[in-house]
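Here is what each chain is made of, one letter per residue.
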Amino acid sequence: MADMTDGRTPPTIGKVHDAHKVRMSGSEMDAKRKEHVAYEYLCHLEEARTWFQACLNEEQPSASEMEASLMNGVTLAKLAHFFEPNTVSLKRIYDIDLSVYHSQGLKFRHTDNINFWTAAMTKVGLPQIFYPTTTDIYNRKNMPRAIYCLHALSMYLHRLGKAPPMQNLVGEAEFTEEEITAMQAELDKYGIQMPSFGKIGGILANELSVDEAAVHAAVLAINAAIDQGDPADLAMKLNLPAAGLFQVEEINANDYLALLTERKQAKIVQSEGKSEEELDAYDKLLSQAELQSGVGSANQVVKDRIRRQQMAATSDQVNALIAGGCTDAEMEAVLLHPDSHLHDVMAENMAYYKQAFTQLREEKGGEPLTFDEIQQAIRDANAKADHDRSVAATSDQVNALIAGGCTDAEMEAVLLHPDSHLHDVMAENMAYYKQAFTQLREEKGGEPLTFDEIQQAIRDANAKADHDRSVGGALERLNKLIVGGDSASLLEALLNPMLELKDVRPQNAYIYQILLAQVVDAKGDDLEIDEIQSVIDSTNEYADSTDEYINGLDAVHIAIEDDDPKGLLEALQAEVVSFRSVIPECLETYQERLREAIEAKAAAGDEEGWTEENTLQGHKYYHNRRIPDRSWAPVEGFSGKSTDLDRVEIQDLLTRVSGEYNRQKLLEANEHVIIVLQAHWRGVLFRRGFNKRMGYLQDQAPHVVKIQSKFKGRRQQKKYAERLAYLKANEAAVVTMQAYARGAHDRRIMKIRKQFFNNNVAAVVRIQSHVRRWLAMRDYRKLIQAKKPPVNTLRKFLHLLEHSDQDFQEEMEVQRLKAKVVTEIRGNKELEENLNIMDIKIGLLVKNRLTLDDVVSQSKKLKKKGAGVDALSAQNRGLKSLSKENRARLEGYQHLFYLLQTNPDYLARLIFEMPQTRTTKFMESVILTIFNYASNQREEFLLMKLFEAAMKFEMMMKVDRLVDVITGNPTVVKMAVHFNRGAQGQSSLRELLLPLVRRVIDDKNLNINTNPVDVYKMWINRREAETGESCNLPYEVSNDQALDHKEVRDAIATSIKVLKNILENFVKSITESVDKIPYGMRYVAMKLRQSLQQKFPEATREEILKAVGNLIYYRFMNPALVAPDAFDIVELSVDKIMTPEQRRNLGSIAKVLQHAAANKAFTAENAALAPLNSYITEAHPKFLNFFHKASTVDEADVHYNQDQYAEVITLTRPVIYISVKEIVSTHELLVTHANELAPDPNDQLHIILKELGPPPELKDILGDSVAPPVSTTQEAQDQFQEKLTEASQQEVSLTLTSRFDVTEDDDTDMKTLFVRTKRMVVDVLSVQPGENLKDVLATAASEEQEFDYQSLVKKRDDREERRETELETKPGEKDKLMRQATVRDQSLPLDGLKRKVMRNLQLLESEGMVGTENKFQEIVDAIARVSCPHTRYPSCPNAVTVLSKVINLQSRNDVQPNR
């Protein structure tokens, strides 16, 4: 909704009554509010239309057609050309004459015009918070957003002086009722929230960056204008763009001056108490905020003054019209004028207004009405008019419903409407109202009912409904008493004359309640009157039949007392009592037995009087034949015992007597059958006794068995004792027989086992070999992996060292050649220094003998050849000139950069000493230059060592938590990724990702969209396009709201299914592409893993590999997958770009892969992707294995074949090409951070920096290649600086050399002794075991060990003699000396050899090469390394050969030194 507090005059639309008067209904207030919003929006459209005309000088459509005219973007593109012609030319505007639009309608290319407008706004700097989207305009999804942006643009361009301001037409523009209604319907259709146009100025001020100096200068100028008191000058200064003030109106200049002067004086007075030190510049000046506040206050003062004047004029005009008489049109022109400031004025109520004004003036005795009285009279008149219209509308609606027929709900909606003005209307009486209205209209002959007749009919219908409800109340009370009342209350309710129930007998009240309750239970609901009457009638009949039944029982008792057999027979045979089995022949017996029963009950103490009888329907009935009296209810004081017989007792007695009579007759007729039956019965009794005895025995079976077992046990024990005595008497024979039996059994088993082995010899051999190999591999892994392998493990592999003396001699030769290499290198370096001095002297000699002609000739040649890489190397030209000072500086820089290349610690520390903002630039411009962008193996090896050193330093010093590696941006990771995205890394990425990306891009039908809001909007658009009608659903929804629709969920489920299939290929290709990842990236990943394991030993393998995966996948692969065109993964022609669908498809794939690599499940924010969480869990282990394999490579020295002699055997010196500016900047950085890089003052870096001196200026290095300015003017100095800067970008070549000599290897003799001692220790350990070397040497050798040792020596001598004989070679002098030393060692006995080993170890311990505290473990470790073939020389298979090459190269350099 538009902002209502923006200072604009609201339109005279709507109705707002005083709080104490009759208020509008909610629906009316909502309608008026929407009408108000539509009017204000039309005003904003009119403002934009007039602004377009002012800017473009073209006629624009009306405000109601403005939105449709903007959809093609032509007008917006023309506006962009108006304020930014360099960005948007008229030729680029599509369909500028609107010919295509008028003939074919909107085309997609029209969106280019909208994009031109957006680009122009970006160019001028309008904050993007105001920008609409392309679909907001092209699809008319949110056109108010576009108009809002135009208002902000006008204010911003006016501030820049590029466009006129936009007028304020709210309250001034006029529109027809149809235009406002149509706009209101359009806004309701899209359901768009109206932007706050009144807050544009504040938002614009907050978003724009401010030039503080310019603002300060403008504020000072405004304060000076206030002091001068010139309103025109003040208005001009307030409008300065630098001041940043809004809503400055020149017409209010006098008010600005008065108010700002007053506020400034007040501020000066407040500052008088401060001292000069406490005073600030703004203590006596108005700040920008105070100026803006003053301008706003002055504007409001002016508006209030104008408003009061207009209100007074409105009052005068109304009073004049009342006094002189007027028409409705004249009164309407005054009340509806925009300047009247009257609210809630409605044109259709003019007659009411005139009547109210006239009546109020008469009440005041002819006095003029005030503005507030006029406003109140308008509100009262509106209320009266609304009441009259509502009453008439209610009458018409009721008559229409009566005439056409209606339901209760339709009638209720009319009668209970808040505006019906009907009283006493009750929803439950709607049927009565309809009947009353219909009957009354029929009585009037079909004439419509008046409002008063309708009201009276409602009252009559209410009375009739109340009467009907009184009968219903009595019936309701009766139903309640049936269920939960007593019989007396029920009888009272049944006798209620309102119910009009018939034949209600008080004596039957108790049975009434019972039977009525049964009917209620059966029905499950309350009874109606006719149902109750039916129960009463049936109950009365039931009571009558019960009385007759009781009379029959009384007749039986009377006949018994009177001893009347004939009367007794008649009573027993009476149909009303229905006694069974009555035999006339037994009448006397009946008489006698019944009398005896009565006398027995009397003798038992039963009472005479009341008797309880059960009726045929099961109810109890009490009667006393002596009183006489009868009752359905229980009799008070009755004990339940009576001398009278009830029907059941009489029937039992009759049945027994008749049964005895019939049995006697039956026995007499079947005497012979009875005899047979007795015989059978006696047999049954006997069998029953027998079975009973058998059952007893079976029940006592455990006891029986126990008795039998004891008896059998005694008998068996006797037999066992006799057998045992027999065996003891023959014990020897028994033992012999057992031995024969066991031997035969064992031989049989042995034979079977042996036969099995013979049948499976091959399998047995394989099993034994596997077991032995496993044991050997276990010991071998223990040997090569343990930091300190035990002696027992080492002894198992000493046979690997059993070779000829040639191995020992070669190892000794290696030590000798190492010493010679150092000597040759030192000599070669001395020759190079002498050569450099000779080069300088030759250069100076040639220079002094040049003639002028030679100089001119050489100059011409240089001009023809042009300046090359070493343009600074000419004579007298800067760093490579022949002067001694420049030559020394050149050599110093060559030494410095060689040191930085070969010692990575300096640059690694320097990276973290400089500000992080300079790290990337330093990496690109200096570090990669120093290492020649890793153009060969040597420099790439050194760069990897730099990354390794920097990684360790950053992990140890800069990373506190493991998560910082993932969430932060480690410098080394950033550097490594930047380097590995070079040519080689780019080709690797392309080889890996191109097939996958190409398959996704080429699939035109692929559309993966898992964003619920996007899918929802696409569904809405497709639905509207198919039906051609607007959808009533809102366009802007949240994710949860979008997922409420089944179509959206189905579309996302389809996308997820397709996405899973594609992800399988991506995961498989990526996880199987370890070999395609550049070695540099894998090496950095390995060092990252090792550094994290060292820094965080408690971290799990998964946590470490997640951090490694963040480097390999997220930082290296993921960006290329998301934007393959930006990383040259795919090649697209100039006129083709990736479509948004293709980018979204790749983005969706990359998003899931990223979550799978990090094992991060989708949460509520991405609820639509939650079904992929199971796939993420499944794919994560594959990524972990991939990250582990990718971060496991050979060390850099192995991969690049670099070792400690690599620098020596290179034929050419390394050369780098670096600009003069980079040399100077690197020098400055090293000097600044020298102490941090090398804390030791004697460090090599300090020595070189001291020789170089302080960092030189550019002109000192460039020399006279840039001539200094002749003139001292500023322009000449500026030109000189430009030339100097340009010349500093030129590159020079530096041939890198080491400043320091190679350290001489002075411990050659000790190393030789170490080798000899190691050889002797091998011999000792070969024959004598022990826990450690010290224990072995301290333990005396046995004779067997001595014999083994001598055998070992003899075998070695024999093997060496055979080798010499086969090769037919004679050992040299050195070989003889070594052989003699070896023979002397081997001629000693084993204990003597051990004593010599101890003496050698003591000498080695004095040099720090071994130690007693760890039991000489150093020499055991050395033997273990030698015993492992792949650890002896990992990067150099033959050390002697390599060292020989070194010596040969050095000898060649002695003859032809490297220049």
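Residues numbered from 1 in each chain as written. Predicted model: local features only at pLDDT ≥ 70, side-chain atom pairs only at ≥ 80, totals over all residues. Heavy atoms only, no water.

## A short note on the overall build of the chain
For the chain, the helix and strand inventory stands at 61 helices and 5 strands. The contacts in the chain between residues at least 6 apart in sequence include a share of 72% that link residues at least 24 apart. Element-wise, carbon and sulfur atoms account for 52% of the exposed surface of the chain, whose accessible area totals about 81400 Å². (Helix = DSSP H or I, 4+ residues; strand = E, 2+ residues; numbered from the N terminus. Contact = heavy atoms within 4.5 Å. Areas by Shrake-Rupley, 256 points an atom, 1.4 Å probe, with all protein chains shown as cover.)

## Focus: the packing of helix α36 (residues 937-957) against helix α38 (residues 971-980)
Contact geometry for α36 and α38: axes closest at 9 Å, N-to-C directions at 155°. It follows from the interaxial angle that α36 and α38 lie roughly antiparallel. With respect to the hand of their crossing, α36 and α38 are arranged in left-handed fashion. On α38, the residues that touch Leu943, Met944, Phe947, Ala950, Met951 and Glu954 of α36 are Thr971, Val972, Met975, Ala976 and Phe979. In terms of residue class, the contact of α36 with α38 is made up of 9 nonpolar, 1 polar and 1 charged. (Axes fitted to C-alpha atoms, helices over the stretch in contact; angles between N-to-C directions. Parallel < 35°, antiparallel > 145°, perpendicular 65-115°, else oblique. Left-handed = near helix turned anticlockwise from the far one by under 90°. Nonpolar A, V, L, I, M, F, W, Y, C, P; charged D, E, K, R; others polar.)

## Points about the environment of Ala1150
Within the fold, Ala1150 resides in helix α45 (residues 1140-1158). Considered as a pair, Ala1150 and Tyr1113 are 37 residues apart in the sequence and their alpha carbons are 10.0 Å apart. Apart from the residues lying within four places of it in its own chain, the contact partners of Ala1150 are Tyr1113, Asn1118, Leu1121 and Val1122.

## Quick look at the environment of His216
With respect to the helices, strands and loops of the structure, His216 is situated in helix α10 (residues 212-228). Once the C-alpha coordinates of His216 and Gln288 are considered, the two residues, 72 residues apart in sequence, prove to be 8.2 Å apart.

## Things to note about the packing of aromatic side chains
Per the counting criterion, the structure on display carries 16 aromatic pairs. Taken together, a centroid distance of 6.3 Å and an interplanar angle of 65° make the contact between Phe941 and Tyr1200 edge-to-face. Note that Phe941 is positioned in helix α36 and Tyr1200 in the loop between α47 (1196-1199) and α48 (1206-1209), a separation of 259 residues in sequence. Ring centres of Phe1183 and Phe1187 lie 5.9 Å apart, and the angle between their planes is 40°; on these two criteria the pair is classed as tilted. Here Phe1183 pairs with Phe1187, and both are found in helix α46 (residues 1173-1190), just 4 residues apart, close to one helical turn. Like Phe1183, the residue Phe1187 is buried in the burial classification. The structure contains a cluster of three or more aromatic residues connected by ring pairs, namely Phe941, Tyr1079, Tyr1083 and Tyr1200. (Phe/Tyr/Trp six-rings, centres within 6.5 Å; stacked < 30°, edge-to-face > 60°. Buried < 20%, exposed > 50% of the residue type's maximum accessible area, 1.4 Å probe, protein only.)

## Describing the packing of helix α44 (residues 1101-1122) against α46
In the contact formed by α44 and α46, the axes pass within 9 Å of each other and the chain directions differ by 80°. Put simply, α44 runs roughly perpendicular to α46. Note on element contacts: α46 touches α44 through His1180, Leu1184, Asn1185, Phe1186, Phe1187, His1188 and Ala1190, opposite Arg1101, Glu1102, Leu1105, Lys1106, Val1108, Gly1109, Ile1112, Tyr1113 and Met1117. Within the contact of α44 with α46, the residues separate by chemical class into 9 nonpolar, 4 polar and 3 charged.

## Digging into unusual backbone geometry
At Asp344, a position not held by glycine, the phi torsion is positive, near 65°. Residue position: Asp344 is located in the loop between α14 (328-335) and α15 (350-363). Phi is positive for Lys1415, close to 60°, though the residue is something other than glycine. According to the relative accessible area criterion, Lys1415 is partly exposed, its value standing at 38%.

## Topic: a negative patch on the surface
Together, Asp525, Asp526, Glu528 and Asp530 give the surface a local cluster of negative charge. When you line up the elements, Asp526 lands in the loop between α21 (509-523) and α22 (529-561). (Patch = residues over 30% accessible without salt bridge, like charges linked within 9 Å, V, L, I, M, F, W, Y side chains within 5 Å. Salt bridge = Lys/Arg side-chain N within 4 Å of Asp/Glu carboxyl O. Lys, Arg positive; Asp, Glu negative; His and termini not counted. Charge placed at Lys NZ, Arg CZ, Asp CG, Glu CD.)

## Side note on empty space enclosed by the protein
Throughout the structure, instances matching the rule amount to 4 cavities of 30 Å³ or more. Taken as a whole, the largest cavity holds about 100 Å³ of empty space. Lining the largest cavity are Lys141, Lys189, Tyr190, Ile1020, Glu1024, Ser1030, Cys1031, Leu1033, Pro1034 and Tyr1035. Breaking the lining of the largest cavity down by element, the ones donating at least two residues are α8 (177-190) and α40 (1012-1027). (1 Å grid on protein atoms, 1.4 Å probe; cavity = no way out; pocket = protein on both sides within 12 Å on 5 of 7 lines; lining within 4 Å. Points joined across faces, edges and corners; volume = space filled by probe spheres on them.)

## Description of the pattern of salt bridges
Inspection of every chain in the model, using the stated rule, returns 33 salt bridges. Here Lys267 ties to Glu290 by a salt bridge, and the two come within 2.6 Å at their closest N and O atoms. Of this pair, Lys267 sits in helix α12 (residues 253-270) while Glu290 is found in helix α13 (residues 288-324), placing the two residues 23 residues apart along the sequence. Lys267 sits in the buried class, given a relative accessible area of 15%. We note a salt bridge from Lys1087 to Glu948, for which the minimum N-O separation is 3.5 Å. Here the residue Lys1087 occupies a position in helix α43 (residues 1079-1095), and Glu948 occupies one in helix α36, the gap between them amounting to 139 residues. In this structure, Lys1087 and Glu948 share a single accessibility class: buried. What you see here is one network of salt bridges that share partners, running through Lys945, Glu948, Lys952, Lys1087 and Glu1195.

## Concerning the sheet that holds strand β2 (residues 620-624)
Read across the open sheet, the 3 strands follow the order β1-β2-β3; overall the sheet is antiparallel. Looking along the sheet, the strands with just one partner apiece sit at the ends: β1 (611-614) and β3 (629-631). Within the sheet, the average angular offset between the axes of one strand and its neighbour, ignoring direction, is 25°. By the bridge criterion, 4 bridges tie β1 to β2 in an arrangement that is antiparallel. Along β2, the bridge assignment pairs Glu612 with Tyr622. (Pairing = 2+ DSSP bridges.)

## A few points about the pairing of β1
Of the two faces of β1, the one holding Thr611 and Glu613 is buried and the one holding Glu612 and Asn614 is not buried anywhere. In this antiparallel pair of consecutive strands, β1 and β2, the connection spans 5 residues, and Gly618 shows a positive phi of 95°.

## Examining the side chain of Glu84
Relative to the helices and strands, Glu84 resides in the loop between α3 (74-83) and α4 (99-104). Those residues in contact with Glu84 that lie beyond four places of it in its chain are Ala120, Lys123, Val124 and Lys162.

## Some words on the nonpolar core
Counting residues in hydrophobic clusters, the biggest one holds 138 residues, and the most contacted among them are Phe897, Met1117, Leu1153 and Leu1294. If we skip the residues at most four places from it in the chain, Leu1153 touches Leu1063, Phe1066, Val1067, Ile1070, Tyr1113, Leu1121 and Phe1183. (Core = buried A, V, L, I, M, F, W, Y, C linked by side-chain atoms within 4.5 Å.)

## Here's the deal with a nonpolar patch on the surface
A grouping of Phe690, Met694, Tyr696 and Leu697 is seen on the molecular surface, where their side chains present a nonpolar patch of about 390 Å² in accessible area. On the basis of relative accessible area, Tyr696 is assigned to the partly exposed category, the value being 43%.

## A short note on the environment of Lys354
Of note, Lys354 is situated in helix α15. Using a relative accessible area of 23% as the deciding quantity, one classes Lys354 as partly exposed. Between the C-alpha atom of Lys354 and that of Gly325, which follows or precedes it by 29 residues, the distance is 9.3 Å. Those residues in contact with Lys354 that sit more than four places away from it in its chain are Cys326, Thr327, Asp328 and Met331. Here Cys326 takes part through its backbone oxygen, which lies 2.9 Å from a polar atom of the side chain of Lys354. (Polar contact = N/O pair within 3.5 Å; in protein donor to acceptor, adjacent residues only side chain to side chain.)

## Let's talk about helix α51 (residues 1244-1252)
Among all positions of α51, only Leu1245, His1246, Ile1248, Leu1249 and Leu1252 are buried. Looking down the long axis of α51, one finds its buried residues gathered within 165° of arc, a one-sided arrangement. Between the side-chain oxygen of the N-cap and the backbone nitrogen of Leu1245 there are 3.0 Å, and the N-cap of α51 in question is Asp1243. Positive backbone phi, approximately 80°, marks Gly1253, located one or two places after α51. (Arc of directions from axis to C-beta.)

## Description of the confidence of the model for the chain
Of all residues in the chain, 83% have pLDDT values of 70 or greater, and the mean over the chain is 79. Averaged over each element, pLDDT in the chain is lowest for helix α61 (residues 1439-1455) (43) and highest for α3 (92). Between residues 1-23, whose pLDDT stays under 50, and residues either more than four places distant or in other chains, the model counts 57 contacts. Below pLDDT 50 for its whole length, residues 861-876 participates in 25 contacts with residues either more than four positions away or in separate chains. (pLDDT = per-residue confidence, 0-100.)

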